[in-house]
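# Residue-level structure breakdown
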Amino acid sequence: DIFKYVLKEAEPDGGSVLIELTEEILERRHRENAVLKIIKDAILNQGFEMYYQPIYSVQKGRYASAEALIRLKETEIGYVGPDEFIPLAEQNGMILDIGNYVFREVCRFMAENKLWEQGIEYIEVNLSVMQCMQETLHAKLLQIMDEYQIPYNRINLEITETAAVVSNDTLKRNMDKLIDKGITFALDDFGTGYSNMAYIFDYSFDMIKLDKSMVWSAMENEKAQTVLKHTIKMMKDMNLHIVAEGVETLEQAEILTKMGCDYFQGFYYSKPVNEQTFIKVIGEK
Ligand code: C2E
Ligand code: CA
Ligand code: CA
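This write-up is about the structure you can find in this document. (Residues numbered from 1 in each chain as written. Chains lettered and ligands numbered in written order. Predicted model: local features only at pLDDT ≥ 70, side-chain atom pairs only at ≥ 80, totals over all residues. Heavy atoms only, no water.)

Time to look at the overall build of the protein chain. Looking only at helices and strands, the protein chain has 11 helices and 10 strands in total. Taken against the 2.2 N^0.38 rule, which gives 19 Å for 285 residues, the C-alpha radius of gyration of the protein chain at 20 Å falls within 12% of a compact globule. Viewed in the frame of its principal axes, the protein chain has a C-alpha envelope of about 65 × 50 × 40 Å. The proportion of buried residues among the 285 residues of the protein chain is 45%. Sequence-distant contacts, at least 24 apart, represent 66% of the contacts inside the protein chain between residues at least 6 apart. Working note: accessible area of the protein chain is about 15300 Å², and carbon and sulfur atoms make up 50% of it. Averaged over its 30 positive side-chain charges, the protein chain has a centre that lies 4 Å from the centre of its 46 negative ones. (Helix = DSSP H or I, 4+ residues; strand = E, 2+ residues; numbered from the N terminus. Rg over C-alpha atoms; globule rule 2.2 N^0.38 Å. Buried < 20%, exposed > 50% of the residue type's maximum accessible area, 1.4 Å probe, protein only. Contact = heavy atoms within 4.5 Å. Areas by Shrake-Rupley, 256 points an atom, 1.4 Å probe, with all protein chains shown as cover. Lys, Arg positive; Asp, Glu negative; His and termini not counted. Charge placed at Lys NZ, Arg CZ, Asp CG, Glu CD.)

A word on the coordination of the calcium ion (ligand 3). The protein atoms that coordinate the calcium ion (ligand 3) are Asp188 (OD), Asp189 (OD), Glu245 (OE) and Glu245 (OE), at distances of 2.3 to 2.8 Å. Within one chain, the residues donating to the calcium ion (ligand 3) are spaced in sequence as D-D-x55-E. Separating the calcium ion (ligand 3) and the calcium ion (ligand 2) is a distance of 3.9 Å, and Asp188 donates to both of them. Pair noted here: Asp189 is in strand β7 (residues 184-190) and Glu245 is in strand β9 (residues 241-245), with a separation of 56 residues, a long-range link. (Donors = N, O, S within 2.8 Å, 3.2 Å for Na, K, Ca; no water.)

With that settled, consider the environment of Glu251. Tracing the sequence through the fold places Glu251 in helix α10 (residues 250-259). Given the relative accessible area of 55%, Glu251 is considered exposed. Sequence separation of Glu251 and Tyr268 is 17 residues, and the distance between their C-alpha atoms is 10.0 Å.

All right, on to the sheet that holds strand β3 (residues 48-57) then. If you walk around this closed barrel you meet the eight strands as β3-β4-β5-β6-β7-β8-β9-β10, and the pairing is mixed. Neighbour to neighbour, the strand axes of the sheet diverge by 30 degrees on average, direction disregarded. Strand direction decides the pairing type here: β3 and strand β10 (residues 263-265), joined by two bridges, are antiparallel. The residue bridging Ser57 from the neighbouring strand is Tyr263, located in β10. Of the strands in this sheet, β3 and β4 (62-72) are in contact with helix α2 (residues 82-92), which crosses β4 at around 65 degrees. The strands touched by helix α6 (residues 161-181) within the sheet are β6 (155-160) and β7, with β6 carrying the most contacts at an inclination of about 160 degrees. (Pairing = 2+ DSSP bridges. Axes fitted to C-alpha atoms, helices over the stretch in contact; angles between N-to-C directions.)

Bringing the site of ligand 1 into the picture now. Inspection of the region around ligand 1 gives 22 residues, with Ile70, Arg71, Lys212, Glu248 and Phe267 positioned closest. Separating an oxygen atom of ligand 1 from a side-chain N or O atom of Arg71 is a distance of 2.8 Å. Within the side chain of Glu248, a nitrogen or oxygen atom sits 2.5 Å from a nitrogen atom of ligand 1. Out of a free accessible area of 800 Å², ligand 1 has 86% covered by protein chains. Among the elements of the structure, β4, α2, β7 and α8 (212-220) are those that each provide at least two residues to the shell around ligand 1. The element contributing the most residues to the shell around ligand 1 is β4, with four residues. For the shell around ligand 1, a count of residues per class yields nine nonpolar, five polar and eight charged. (Near = heavy atom within 4 Å. Polar contact = N/O pair within 3.5 Å; in protein donor to acceptor, adjacent residues only side chain to side chain. Nonpolar A, V, L, I, M, F, W, Y, C, P; charged D, E, K, R; others polar.)

Listed as protein donors to the calcium ion (ligand 2) are Glu67 (OE), Asn126 (OD1), Glu158 (OE) and Asp188 (OD); their distances from the metal cover 2.1 to 2.4 Å. For the calcium ion (ligand 2), the donor residues sit on a single chain with the sequence spacing E-x58-N-x31-E-x29-D.

Here we take up the nonpolar core. With 80 residues, the main nonpolar core has Ile39, Ile123, Ile155, Leu157 and Leu210 as its most contacted residues. Every residue in contact with Ile123, bar those within four places of it in the chain, is listed here: Tyr52, Ala66, Ala68, Val106, Met110, Leu115, Arg154, Ile155 and Asn156. If you look at the next biggest cluster of nonpolar residues, it comprises six residues, including Ile55, Tyr122, Ala186 and Val243. (Core = buried A, V, L, I, M, F, W, Y, C linked by side-chain atoms within 4.5 Å.)

With that settled, consider a nonpolar patch on the surface. A cluster of nonpolar side chains, contributed by Met133, Val165 and Val166, occupies part of the molecular surface with about 260 Å² of accessible area. On the secondary structure map, Met133 appears in the loop between α4 (129-132) and α5 (137-147). (Patch = residues over 30% accessible without salt bridge, like charges linked within 9 Å, V, L, I, M, F, W, Y side chains within 5 Å. Salt bridge = Lys/Arg side-chain N within 4 Å of Asp/Glu carboxyl O.)

This is how it looks when you write it as structure tokens:
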């Protein structure tokens, strides 16, 4: 059946191949189109909101920061998480609008509640790969911070190794200009991908975020635990602060404390919560 085949273009050699449109591929396309429509709609009609996941400081014995995580409000197709919609938005450029929304929302929330006077020293904000490729990124971020009068040291920007690979020079220029003002950077998702140590000394990171997959495998596997222990030691020797993600039990927190982690982020402490709950939660700890 000819209609069951479609040309898959942009093969590395410039050619194209016929791939069979299986039930599964069709379903996935259908879902992607539905999600893309929801994203477009959300950009136009305030369909997003920001959640905040508290981050626990071992040294201070309390929440000292938080990561801003985007959420779609109610959709017709139920919960659609950022793991699903961020990569789609990244493919078609909508991520730039989303990135601006996220940063503005975070600054508004921080300013309205003077979070830094409530023990939340900074908020961590995720930057997408495409944002890092924009030569004007630094100017845009500084402009929004100025608008809300956010002290520059109250923002920490999280970037992934992929951003460093894809947008090397532009990212470095952006980082230099922002670091110059006092903004700090974290390398996110360490332990996934290549986790090339070169990125750690090639870029001026203040913080490394150990991905939950790396944390979890160290809890299950002795060799992985040895790797993690020495990785942390090495990073500490380079004066980097270490955040462990995906901490779900007290036992994990204790093991990671012994290894020298500085901060914990995970369901054991708190799930990401909305603004109102976040304010309540930081008041309690
Ligand atoms: P990420 O940056 O690695 O964010 C951490 C993710 O781990 C969050 O998922 C958080 O809910 C989850 N998490 C934290 N602690 C635990 C735990 O103890 N157990 C488990 N099972 N999960 C935990 P979330 O909010 O679904 O976000 C998924 C990804 O979507 C993020 O991964 C990030 O890559 C992306 N993302 C989220 N918000 C934004 C945003 O505002 N901008 C951009 N560019 N990307 C975002
Ligand atoms: Ca992150
Ligand atoms: Ca992460």
